2 protein chains.
Amino acid sequence: MKTIEVRKSITAANDALAHELRSQFTRHGILVLNLIASPGAGKTALIEKTIARLGAAVSIKVVEGDPYTHLDSQRVIRAGAQSIQINTEGGCHLDAQMVGRAVDRFDLDQTDLLIIENVGNLLCPAAWDLGQDATVVVASLAEGADKPLKYPEAFTRAQVVVINKIDLEPHLPVTTAELRRNALTVNPELTVFEVSCLHSTGLDSWCQWIRDRIATKK
Amino acid sequence: MKTIEVRKSITAANDALAHELRSQFTRHGILVLNLIASPGAGKTALIEKTIARLGAAVSIKVVEGDPYTHLDSQRVIRAGAQSIQINTEGGCHLDAQMVGRAVDRFDLDQTDLLIIENVGNLLCPAAWDLGQDATVVVASLAEGADKPLKYPEAFTRAQVVVINKIDLEPHLPVTTAELRRNALTVNPELTVFEVSCLHSTGLDSWCQWIRDRIATKK
């Protein structure tokens, strides 16, 4: 029972801190997205494309989470946004304390959109509130269509699924329609976008959704 | 400090049980592989192809790990091997106790090769010994080439990397050579295979490696 008690107290402490972060973000009128995905689903590519399309009109800041390396924050900075890299050194998810420390380094008065790219892991990040307005699962079509059924927590807690790498469909044994159907089976409330970050297709609807959500925060 | 102590005692208990499992597998002359990968990298497809190629000469048993569903054990049984499905119900890795309970249901005297397909997660499973002879990371080329750098633990602890989905290379912004190079940078001792389970290419070397390793156990 000891383990369970410790785990509960850690989650409760995280929830309290995430609640404070959410209040802080709301005061500043910032839309906050928590991106969750398997490794290599295309979270960073989606952020790069979002900055390219919205960066001129929207002030975007990015918190990057990875076990090791600064590769992703370097990509985001090259794309034109401020970014802080968190290295969990093997840790399997971000928590509210890590995010709180990172955002202290941003000017939140000059921020419309904060994107948090979680550690590449479809399991552990789902349970950790980071003060986000919405959780966005990025699902690569190359991973197959059954992931929502096998890893339902992330999809259940999310408001949005971005199906990425749809350009690969002709070369894969699965279809975008199957993946969409399985995601909606697990969570019928999901908003689903179908994109190819590599070929810059399907991104207009995603960016319009962000614009609409930012407007509700002002 | 409480959390760290609990975690240490859990890992130590797991290591002791994994040691017992390893002795049991050795007594029976069984080669045991622990397959680790991100969700959707193709672990189950690799197992299906391995059964198709080796199943007539080699007695194969498979322990399947997933948070939910029996989809993978159903695929393995259709491919022609006995399989036990473990559902972790959200848990992010298999442990030695789960594997011990599952293999109790196999006739180990009639087993040459035991494949354990871990939960789809490139982080948490790496730290948990299951009594395997070798850890095999299955890396999908569609995930990009930087995963060994960002998620080094799995690659450091593995003896083998199977790069899967190499048929997608013409449609991706990365190359098999880059992924191979990054894997060997993290762990120069790795044996690397390059395969496409979808197109059944590159599997001869992988199956020969298994045959050679089985021969050393008899």
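Everything quoted here is computed from the prediction, not taken from an experiment. (Residues numbered from 1 in each chain as written. Chains lettered and ligands numbered in written order. Predicted model: local features only at pLDDT ≥ 70, side-chain atom pairs only at ≥ 80, totals over all residues.)

Undergrad: Teacher, can you tell me more about the overall build of chain A here?
TA: The helix and strand tally for chain A stands at 8 helices and 7 strands. For 218 residues, the compact-globule estimate of 2.2 N^0.38 gives 17 Å, and chain A sits close to it at 17 Å. For the C-alpha atoms alone, the extent of chain A along its principal axes is close to 50 × 45 × 35 Å. The 218 residues of chain A split such that 50% are buried. In chain A, once contacts between residues fewer than 6 apart in sequence are set aside, the share between residues at least 24 apart is 75%. (Helix = DSSP H or I, 4+ residues; strand = E, 2+ residues; numbered from the N terminus. Rg over C-alpha atoms; globule rule 2.2 N^0.38 Å. Buried ≥ 20, exposed ≤ 12 C-beta atoms within 10 Å, placed from the backbone. Contact = placed C-beta atoms within 7 Å.)

Undergrad: Sorry, what's going on with the interface of chain B and chain A here?
TA: It is common to report an interface's size as the accessible area lost on association of the parts. In this complex, chain B contributes 35 residues to the contact, which on the side of chain A involves 35 residues. Only α1 (2–27), α5 (147–150) and α6 (152–157) of chain B provide two or more residues apiece to the side of chain B that touches chain A. Here the side of chain B that touches chain A gets 4 residues from one element, more than from any other, and that element is α1(B). Classifying every residue of the side of chain B that touches chain A gives 17 nonpolar, 10 polar and 8 charged. (Nonpolar A, V, L, I, M, F, W, Y, C, P; charged D, E, K, R; others polar.)

Undergrad: Honestly, the nonpolar core in this entry has me stumped. Any pointers?
TA: Generally speaking, a soluble globular protein has its nonpolar side chains buried in company with each other. Counting 132 residues, the largest nonpolar core has A:V99, A:I116, A:V137, B:V99, B:I116 and B:V137 as the members making the most contacts within it. If we ignore the near neighbours within four places in the chain, the residues touching A:I116 are A:V32, A:L33, A:N34, A:L35, A:V63, A:L94, A:V99, A:L130 and A:Q132. (Core = buried A, V, L, I, M, F, W, Y, C linked by C-beta atoms within 7 Å.)

Undergrad: Would you mind showing me how to read the sheet that holds strand β3 (residues 82–87) of chain B here?
TA: The strands that make up a sheet are held in pairs by hydrogen bonds between backbone atoms, and each pair lies either parallel or antiparallel. Residues and elements named next belong to chain B. Spatial ordering of the open sheet is given by β3-β2-β4-β1-β5-β6-β7, a layout of 7 strands whose pairing is parallel. Of all the strands in the sheet, the pair left with one neighbour each is β3 and β7 (191–194). With direction set aside, neighbouring strand axes in the sheet form an average angle of 20°. Where strand β2 (residues 60–66) meets β3, 6 bridges bridge the pair, whose relative direction is parallel. Note that in β3 the partner of G65 across the bridge is I86. (Pairing = 2+ DSSP bridges. Axes fitted to C-alpha atoms, helices over the stretch in contact; angles between N-to-C directions.)

Undergrad: I keep staring at the confidence of the model for chain A and nothing clicks. Help me out?
TA: Do not read the predicted coordinates in detail wherever pLDDT is low. Per-residue pLDDT for chain A has a mean of 96; in total, 96% of the residues score no lower than 70. Both scores are available for the predicted complex, with the pTM at 0.95 and the ipTM at 0.94. (pLDDT = per-residue confidence, 0-100.)

Undergrad: Help me out: how do you make sense of the relation of the copies chain B and chain A in this one?
TA: There are two copies of the chain, and a rotation about an axis plus a shift along that axis relates them. The two copies are related by a screw motion: chain B maps onto chain A through a turn of 180° and a shift of 0.0 Å along the axis, at an RMSD of 0.0 Å. Considering both components of the superposition, the chain copies are consistent with a two-fold axis. (Least-squares fit on C-alpha atoms with pLDDT ≥ 70 in both.)

Undergrad: How do you make sense of the packing of helix α2 (residues 43–54) of chain B against helix α8 (residues 203–217) of chain B when you look at a structure like this?
TA: Any two packed helices are characterised by the angle at which their axes cross and by the distance between the axes. All names here are of chain B. Contact geometry of α2 with α8 gives a least axis separation of 11 Å together with a crossing angle of 70°. As far as their axial angle goes, α8 and α2 are roughly perpendicular. Residues K49, T50, R53 and L54 of α2 pack against L203, C207 and I210 of α8. Here the residues of the contact of α2 with α8 sort into 4 nonpolar, 1 polar and 2 charged. (Parallel < 35°, antiparallel > 145°, perpendicular 65-115°, else oblique.)

Undergrad: When you look at helix α7 (residues 176–186) of chain A in this model, what are you seeing that I'm missing?
TA: Side chains of residues three or four places apart in an α-helix project in the same direction, reflecting 3.6 residues per turn. Residues and elements named next belong to chain A. Residues of α7 that are buried: L179, R180, N182, A183 and V186. The buried residues of α7 occupy an angular sector of 165° when projected down its axis, which confines them to one face. The exposed set on the far side of α7, more than 90 degrees from its buried face, consists of A177 and T185. Where the residues of α7 are buried, they touch β5 (134–140), α5 (147–150), α6 (152–157), β6 (160–164) and β7 (191–194). (Arc of directions from axis to C-beta.)

Undergrad: Is there a simple way to explain the pairing of β7(B) in this structure?
TA: Successive side chains on a regular strand alternate, one facing one side of the sheet and the next facing the other. Residue and element names in this part refer to chain B. As paired elements, strand β6 (residues 160–164) and β7 share 4 bridges and run parallel to each other. Among the inter-strand pairings, I163 is bridged to a residue of β7, identified as E194. For the crossover from β6 across helix α7 (residues 176–186) to β7, the handedness is right-handed. (Right-handed = clockwise from strand over helix to strand, strands pointing away.)

Undergrad: I tried to follow the packing of α2(B) against helix α3 (residues 71–79) of chain B on my own but got confused; where do I start?
TA: All names here are of chain B. In the contact formed by α2 and α3, the axes pass within 9 Å of each other and the chain directions differ by 15°. One finds that α2 runs roughly parallel with respect to α3. At the point where α2 passes α3, the crossing takes the right-handed sense. Contacts between α2 and α3 involve T44, I47, E48, I51 and A52 on the former and, on the latter, D72, R75, V76 and A79. Looking at the contact of α2 with α3 residue by residue, the class counts come to 5 nonpolar, 1 polar and 3 charged. (Left-handed = near helix turned anticlockwise from the far one by under 90°.)

Undergrad: I tried to follow the sheet that holds β7(A) on my own but got confused; where do I start?
TA: Residue and element names in this part refer to chain A. One open sheet accounts for 7 strands, arranged β3-β2-β4-β1-β5-β6-β7; its pairing is parallel. Bordering the open sheet on either side are β3 (82–87) and β7, each of which pairs with just one other strand. Averaged over all pairs of adjacent strands, the angle between strand axes in this sheet comes to 20°, irrespective of strand direction. Both β5 and β6 contribute to a ladder of 5 bridges, which runs parallel. Paired with V138 across the strands is V162, a residue of β6. Strands in contact with helix α3 (residues 71–79) are β2 (60–66), β3 and β4 (113–117); relative to β3, the strand with the most contacts, it is inclined by about 175°.

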